[in-house]
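Structural characterization, general
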Amino acid sequence: MRGGGVRRATAAAALGFLLTVLAACGGTGHAGGSGTGQAGGAGHGSGAWRAGGADGGKGDSERGAHTRRAAADPTRVPGVGDRWQRRIPADSRQVVAVYGDGKDSPNSTVVLYTRHGATWERTRGWPAHNGRKGWTTDHHEGDNRSPVGVFTLSDAGGVRKDPGAKLPYTRSAAFAAPRWWAKPYWHDFDYVIAIDYNRVPGTPPNDPTRPQGADKGGGIWLHMDHGSGTSACVSLSESAMKYLLRTLDPDRRPVVVMGDRADLKRSH
């Protein structure tokens with residue numbers, strides 16, 4: 001619920017969040033918790049089929065043609081194969097796509113797409129970071145990898161005052177990174193957007209509830225960047241976070257589609 005555009009977490013939630021962050025980060029000073037629980041169900045598997053295999057078979061050629069058609073199809077989010085494309089809710093008109101450079105890479109690119117009628121159009125893009133060990137389709141607490149999948153975006157918050165967010169925004173000092181973390185990480189949680197897996201949508205981002213259990217982690221957010229990989233979150237510049245906060249609209253049913261580029265292209 002809103003209260004002057006601001007919701008405050010309870011003391012119990014704040015304490016639970018802090019314990020989750022400390023466990024996930026292992027005292028390293030890296031931002032972000034860990035968890036899973038994807039919109040449209042969990043997805044497992046890895047790798048990506050490639051067109052034109054070594055045998056030059058007809059099946060590979062047909063799949064290659066399908067890939068080229070999909071890439072040119074304005075009704076699809078670019079770089080996202082059937083496996084994840086079909087998990088984007090039919091009523092979603094905003095997609096934050098996180099394209100990881102590689103399965104074991106902490107570097108990625110974030111692109112916001114907006115749907116106009118049946119067409120997805122690129123709105124804005126930014127460099128970003130993900131889990132410092134890369135990506136996984138079977139995420140667990142402490143693996144330092146970001147989960148691959150499609151997740152709704154429903155809640156935001158942070159240490160700093162609401163910059164004009166359209167998503168419900170919770171301002172609280174409870175978001176602040178511990179000052180025993182290295183200084184570059186102190187402002188990671190000035191602005192955050194919760195990614196909805198293994199959490200209860202409609203609650204503050206730092207709500208500690210984990211529907212799938214603690215082993216699946218939680219507290220994975222879009223948050224401010226510190227210049228390197230995270231424990232599992234996706235981090236962006238301050239200007240990017242402000243833009244997303246002011247642009248993502250609950251009436252447009254925003255979701256994030258995230259993973260390494262190879263996995264995102266999977267058709268099965």
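These figures come from a predicted structure and were not determined experimentally.

**Some words on the overall build of the chain**
For the chain, the count of helices and strands is 5 helices and 12 strands. Once local pairs closer than 6 in sequence are excluded, the contacts in the chain between residues at least 24 apart make up 69%. By element, 53% of the accessible surface of the chain is carried by carbon and sulfur atoms, the whole surface being about 11200 Å².

**Some words on the nonpolar core**
If you look at the biggest cluster of nonpolar residues, it comprises 54 residues, and the most contacted ones within it are Val95, Ile193, Ile195, Leu236 and Leu244. If one sorts the elements of this core by residue count, strand β1 (residues 94-100) sits on top with 5 residues.

**A few points about the packing of aromatic side chains**
By the definition in use, this model includes 6 aromatic pairs. Arranged with centres 4.6 Å apart and planes meeting at 50°, the rings of Phe151 and Tyr197 form a pair that is tilted. Taken as a pair, Phe151 in strand β6 (residues 149-152) and Tyr197 in the loop between β9 (192-194) and β10 (221-224) lie far apart in primary sequence, 46 residues in all. Between Phe189 and Trp221, the aromatic rings sit 5.2 Å apart at their centres with planes inclined by 80°, giving edge-to-face as the arrangement.

**What about the pattern of salt bridges?**
Inspection of every chain in the model, using the stated rule, returns 10 salt bridges. A salt bridge links Lys216 to Asp138, with the shortest nitrogen-to-oxygen separation between them at 3.1 Å. Highlighted residues: Lys216 in the loop between β9 and β10 and Asp138 in the loop between β4 (135-136) and β5 (146-147), separated in sequence by 78 residues. Close ionic contact of Arg199 with Asp155 constitutes a salt bridge, the shortest N to O distance being 3.1 Å. On the criterion of sequence distance, the pair formed by Arg199 in the loop between β9 and β10 and Asp155 in the loop between β6 and β7 (156-158) is long-range, its members being 44 residues apart. Owing to a relative accessible area of 1%, Asp155 belongs among the buried residues under this scheme. Here the salt bridges share partners, and the residues they tie into one network are Arg83, Asp263 and Arg266.

**A few points about the environment of Arg252**
Locating Arg252 in the fold gives a position in the loop between α4 (238-247) and β12 (255-260). Taking the C-alpha atoms as reference points, Arg252 and Ser92, separated by 160 residues in sequence, lie 5.8 Å from one another. Not counting residues up to four positions away in its chain, the partners in contact with Arg252 are Asp91, Ser92, Arg93, Gln94 and Thr114.

**A closer look at unusual backbone geometry**
Positive phi is not limited to glycine here, since Asn144 has a value of about 60°. Asn144 gets classed as buried once you look at its relative accessible area, which sits at 11%.

**Digging into the confidence of the model for the chain**
Where the model shows low pLDDT, its predicted coordinates should not be examined in detail. Mean pLDDT over the chain stands at 82; residues scoring 70 or higher make up 74%. In the predicted structure, residues 1-60 sits below a pLDDT of 50 and forms 155 contacts with residues beyond four places in sequence or in another chain.

**Notes on the environment of Pro127**
Mapping Pro127 onto the fold places it in strand β3 (residues 119-129). Taking the C-alpha atoms as reference points, Pro127 and Tyr99, separated by 28 residues in sequence, lie 9.7 Å from one another.

**Section: the pairing of β3**
For strand β2 (residues 107-116) and β3, the ladder comprises 10 bridges, and the chain directions are antiparallel. Counted as the bridge partner of His116 is Thr119 from β3. Two successive antiparallel strands, β2 and β3, enclose a turn made up of 2 residues, where Gly117 displays a positive phi of approximately 65°.

Rules behind the numbers
- Sequence positions are assigned chain by chain, starting from 1 and proceeding in written order.
- Predicted model: local features are reported for residues with pLDDT of at least 70 only, side-chain atom pairs are reported and counted for 80 or more only, and whole-chain, interface and lining totals are derived from all residues.
- Side-chain metrics in this entry use all non-hydrogen atoms of the structure; hydrogen atoms and water are not considered.
- Runs of E in the DSSP output that reach at least two residues are strands. Runs of H or I that reach at least four are helices, and both are numbered from the N terminus.
- The contact definition used throughout considers only heavy atoms, calling two residues in contact when any of these lie within 4.5 Å.
- Under the convention used here, a 1.4 Å probe and the Shrake-Rupley method define accessible areas, while residue burial counts only the protein chains that appear.
- We define the nonpolar core as a collection of buried residues of types Ala, Val, Leu, Ile, Met, Phe, Trp, Tyr and Cys that are connected through side-chain atoms lying within 4.5 Å of one another.
- Using a 1.4 Å probe on the protein chains alone, a residue whose accessible area is under 20% of its type maximum counts as buried, one over 50% counts as exposed, and one in between counts as partly exposed.
- Only rings of Phe, Tyr and Trp enter the pairing, Trp through its six-membered ring, and a pair is recorded when the two centres are within 6.5 Å. The plane angle decides the type: under 30 degrees is stacked, over 60 is edge-to-face, the rest tilted.
- Basic side-chain nitrogens of Lys or Arg form a salt bridge, by our definition, when they fall within 4 Å of a carboxyl oxygen of Asp or Glu.
- Confidence scores per residue from the predictor, reported as pLDDT, run from 0 to 100.
- At least two DSSP bridges between two strands are required for those strands to pair.

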